[in-house]
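Here is what each chain is made of, one letter per residue.
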Amino acid sequence: MPHPITPEISNLDQIADDQWQSLAAAAQDRHHAWHTPTLGNVGEGMAQLRTVVLRSADPETRILTCHTDSRSPKIVQLAKDPRFSWHFYDRDAKIQLRAYGRAWTHQGDALASQRWQDGAWRSAQCYRTPIAPGEVCTEDDLDIDAPVDPATGEEHFVVLACEIDTLDWLFLRVEGHRRARFLWMERGWQGEWIAP
Ligand SMILES: Cc1cc2nc3c(=O)[nH]c(=O)nc-3n(C[C@H](O)[C@H](O)[C@H](O)COP(=O)(O)O)c2cc1C
């Protein structure tokens, strides 16, 4: 006899809401397992994956954001194909969440300026370098004690925002795995069980 689905995971609407609450919490808590997701896209003909810091997750707008350098390859690739994927895994909660959507950038606008003032400036060292991320450099180029112009950095700072329209939720548990897919359908998340 298969085990019945436990009440707390039998309600698909509740699962979608719970995941968004977890995402919002993860953005605020640097110790949360979902604080540093893997962000994926297609570039140069293959899957491009990298760790980023989740900076915000809004259940109402379904927008996830991270901060990056406008010169980084992912931003160059975004111009060609805006589809991005986010992979979250919480080992203790035994939950993998994948989120899919379309991305765009905020650079030099009100949101980017707000994020910079709210604390992104603390990472200014990353954005000040005259060498674009991914370019070949020397060890001297990486000398963080090298003098820098304190006014520089913000011009390369960009907020990558992604509106999520699909979620893939996987909950691993000894009683039997559970997996559900959610599509955004104008009025809300439409969920269905799928084979794990
Ligand atoms: C823990 C951790 C957090 C990171 N956070 C970010 C981030 O928030 N934004 C970012 O652009 N890169 C971040 N990186 C670096 C990226 O993984 C990646 O190396 C860089 O963005 C270049 O990616 P790209 O060549 O695909 O554009 C982080 C790396 C680690 C290990």
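Residues numbered from 1 in each chain as written. Predicted model: local features only at pLDDT ≥ 70, side-chain atom pairs only at ≥ 80, totals over all residues. Heavy atoms only, no water.

## Focus: the environment of Val53
Here is step 1: Within the fold, Val53 resides in the loop between β2 (46-51) and β3 (56-58).
Here is step 2: Relative accessible area serves as the criterion here: at 27%, Val53 is assigned to the partly exposed category.
Here is step 3: Counting along the chain gives 27 residues from Val53 to Ala26, while the straight-line C-alpha distance between them is 9.7 Å.
Here is step 4: Ignoring anything within four residues of it in the chain, the contact list for Val53 reads His35, Thr36, Thr65 and Cys66. (Helix = DSSP H or I, 4+ residues; strand = E, 2+ residues; numbered from the N terminus. Buried < 20%, exposed > 50% of the residue type's maximum accessible area, 1.4 Å probe, protein only. Contact = heavy atoms within 4.5 Å.)

## Some points on helix α3 (residues 110-118)
Here is step 1: Those residues of α3 that sit buried are Ala112, Arg115 and Trp116. End-on, the buried residues of α3 take up no more than an arc of 100°, which puts them together on one face. When the buried face of α3 is taken as reference, the exposed residues oriented beyond 90 degrees from it are Ala110, Gln117 and Asp118.
Here is step 2: With a side-chain oxygen positioned 3.3 Å from the backbone nitrogen of Leu111, the residue opening α3 is Asp109.
Here is step 3: One or two steps after α3, the chain reaches Gly119, where phi turns positive at roughly 150°. (Arc of directions from axis to C-beta. Polar contact = N/O pair within 3.5 Å; in protein donor to acceptor, adjacent residues only side chain to side chain.)

## Re the nonpolar core
Here is step 1: Counting 34 residues, the largest nonpolar core has Leu64, Trp86 and Leu160 as the members making the most contacts within it.
Here is step 2: For this core, the secondary-structure elements that each account for two or more residues are α1 (12-28), β4 (63-69), α2 (73-80), β5 (83-90), β6 (95-106), β7 (157-171) and β8 (178-184).
Here is step 3: Not counting residues within four places of it along the chain, the set of residues in contact with Leu64 comprises Trp20, Leu23, Leu54, Ser56, Ala57, Trp86, Phe88, Ala99, Leu160, Ala161, Cys162 and Ile164.
Here is step 4: Within the second largest apolar cluster, seven residues are counted, among which are Ala112, Trp116, Ala124 and Val159. (Core = buried A, V, L, I, M, F, W, Y, C linked by side-chain atoms within 4.5 Å.)

## Re the pattern of salt bridges
It is possible for side chains of opposite charge to pair when their charged atoms get near one another.
Here is step 1: Going through the model one piece at a time under the given rule, you end up with six salt bridges.
Here is step 2: Here Asp168 makes a salt bridge to Arg98, at a shortest N to O gap of 3.5 Å. Linking Asp168 in strand β7 with Arg98 in strand β6, this pair joins segments that are 70 residues apart in sequence.
Here is step 3: Here Asp168 falls in the buried class, since its relative accessible area comes to 6%.
Here is step 4: Residue classification places Arg98 among the partly exposed positions, given a relative accessible area of 27%.
Here is step 5: In this structure, Arg181 engages Glu192 in a salt bridge whose closest nitrogen and oxygen atoms are separated by 3.3 Å. (Salt bridge = Lys/Arg side-chain N within 4 Å of Asp/Glu carboxyl O.)

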